Each structure stands twice: as structure tokens, then as C-alpha cells.
Amino acid sequence: MRLISIELHGFKSFPDTHKLTFRSGMTGVVGPNGCGKSNIGDGISWALGEQRPTALRSSEMSEVIFAGTLKRKAMGFAEVKVALEMPDQNNPSARSEE
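Only a predicted model underlies this, so the values are computations on that prediction, with no experimental measurement involved.

**Things to note about the pattern of salt bridges**
Right, so step 1: Within the structure shown, the criterion is met by 5 salt bridges.
Right, so step 2: In this structure, aspartate 42 and lysine 12 form a salt bridge, with 2.7 Å as the shortest nitrogen-oxygen distance. Of this pair, aspartate 42 sits in helix α1 (residues 37-47) while lysine 12 sits in the loop between β1 (2-9) and β2 (18-21), and the two are 30 residues apart along the sequence. The pair formed by aspartate 42 and lysine 12 is uniform in burial state, with each residue classed as buried.
Right, so step 3: Across the salt bridge formed by aspartate 16 and arginine 72, the nearest N and O atoms sit 2.4 Å from each other. Linking aspartate 16 in the loop between β1 and β2 with arginine 72 in the loop between α1 and β3 (79-85), this pair joins segments that are 56 residues apart in sequence.
Right, so step 4: Each of Lys12, Asp42 and Arg57 takes part in one network of salt bridges that share partners.

Okay, structure coming up:
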């Protein structure tokens with residue numbers, strides 16, 4: 001199974017829609033402290049069904065929705081879309097690029 005892309009909207013530190021596309025091979029998410037790198041991993045877990053707030057580094061599930069800032073109002077919802085590729089292991093032509 002391979003992660004193709006993730007799209008976050010209103011989830012934790014992502015009030016606007018952000019889509020990250022992952023090409024085959026190794027991918028790293030790099031950035032300064034506090035930029036939301038861990039929230040990408042939390043978004044994947046949440047989209048795949050994680051329901052424990054502590055597993056998403058929150059004390060309650062409502063905290064995964066963007067809470068707002070002094071300059072930006074809070075969101076009323078959060079959405080995370082994950083695209084996965086599951087190549088057919090019996091069909092070599094259906095395998096992803098490696």
C-alpha cells in the first residue's frame with residue numbers, strides 16, 4: 001500500500017485546503033517547529049478511523065477542528081481526504097513505480 005496524497009481542510013493547523021502529493025520513493029516532511037508536520041500524520045490516522053483523542057495529540061475530538069486565531073475565526077468542521085494505492089500483487093503491470 002502506498003500513500004498517494006493527503007488533503008486537509010479545517011484540520012488542526014490547516015484552516016485552508018492543503019493538498020500534499022507523494023511521489024513514489026522516499027518522502028520526508030520537513031519544516032520548522034510548530035509548522036504542522038505532526039498534524040499531517042495525525043490527519044492520516046484520523047482519516048483511517050482513529051477515534052482516540054490522545055492518539056491525535058488532543059484531549060477531546062473537537063480539538064482536531066481548527067480553533068481559530070486572533071486574525072482568523074474558528075472552523076465548524078474538519079475534513080481529511082487520503083488517497084492510497086493498493087497495487088495488485090498478481091499483476092506486475094498494475095504495480096506502482098519503484
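**Focus on the nonpolar core**
Right, so step 1: Within the largest apolar cluster, 10 residues are counted, these being Ile6, Leu8, Phe11, Phe14, Phe22, Ile40, Leu56, Val64, Ala78 and Val80.
Right, so step 2: Apart from the residues lying within four places of it in its own chain, the contact partners of leucine 56 are Lys12, Asp42, Ser45, Trp46, Glu50, Met61 and Val64.

**What about a nonpolar patch on the surface?**
Right, so step 1: Judged by side-chain polarity, Met1, Leu48, Leu84 and Met86 come together as a nonpolar surface patch covering roughly 500 Å² of accessible area.
Right, so step 2: Residue placement: leucine 84 occurs in strand β3.

**Looking at unusual backbone geometry**
Right, so step 1: Positive phi, close to 50 degrees, is recorded for lysine 12, a residue that is not glycine.
Right, so step 2: One non-glycine residue, arginine 57, adopts positive backbone phi at about 55 degrees.
Right, so step 3: Topologically, arginine 57 is positioned in the loop between α1 and β3.

**Here's the deal with α1**
Right, so step 1: When we look at burial in α1, the residues that qualify are Asn39, Ile40, Asp42 and Gly43. Here the buried residues of α1 occupy an arc of 165 degrees about the axis, which is enough to place them on one side.
Right, so step 2: Looking at the buried side of α1, the elements it contacts are β1, β2 and β3.
Right, so step 3: Glycine 49 sits one or two positions beyond α1 and adopts a positive phi of about 110 degrees.

Rules and cut-offs
Residues numbered from 1 in each chain as written. Predicted model: local features only at pLDDT ≥ 70, side-chain atom pairs only at ≥ 80, totals over all residues. Heavy atoms only, no water. Salt bridge = Lys/Arg side-chain N within 4 Å of Asp/Glu carboxyl O. Helix = DSSP H or I, 4+ residues; strand = E, 2+ residues; numbered from the N terminus. Buried < 20%, exposed > 50% of the residue type's maximum accessible area, 1.4 Å probe, protein only. Core = buried A, V, L, I, M, F, W, Y, C linked by side-chain atoms within 4.5 Å. Contact = heavy atoms within 4.5 Å. Patch = residues over 30% accessible without salt bridge, like charges linked within 9 Å, V, L, I, M, F, W, Y side chains within 5 Å. Areas by Shrake-Rupley, 256 points an atom, 1.4 Å probe, with all protein chains shown as cover. Arc of directions from axis to C-beta.

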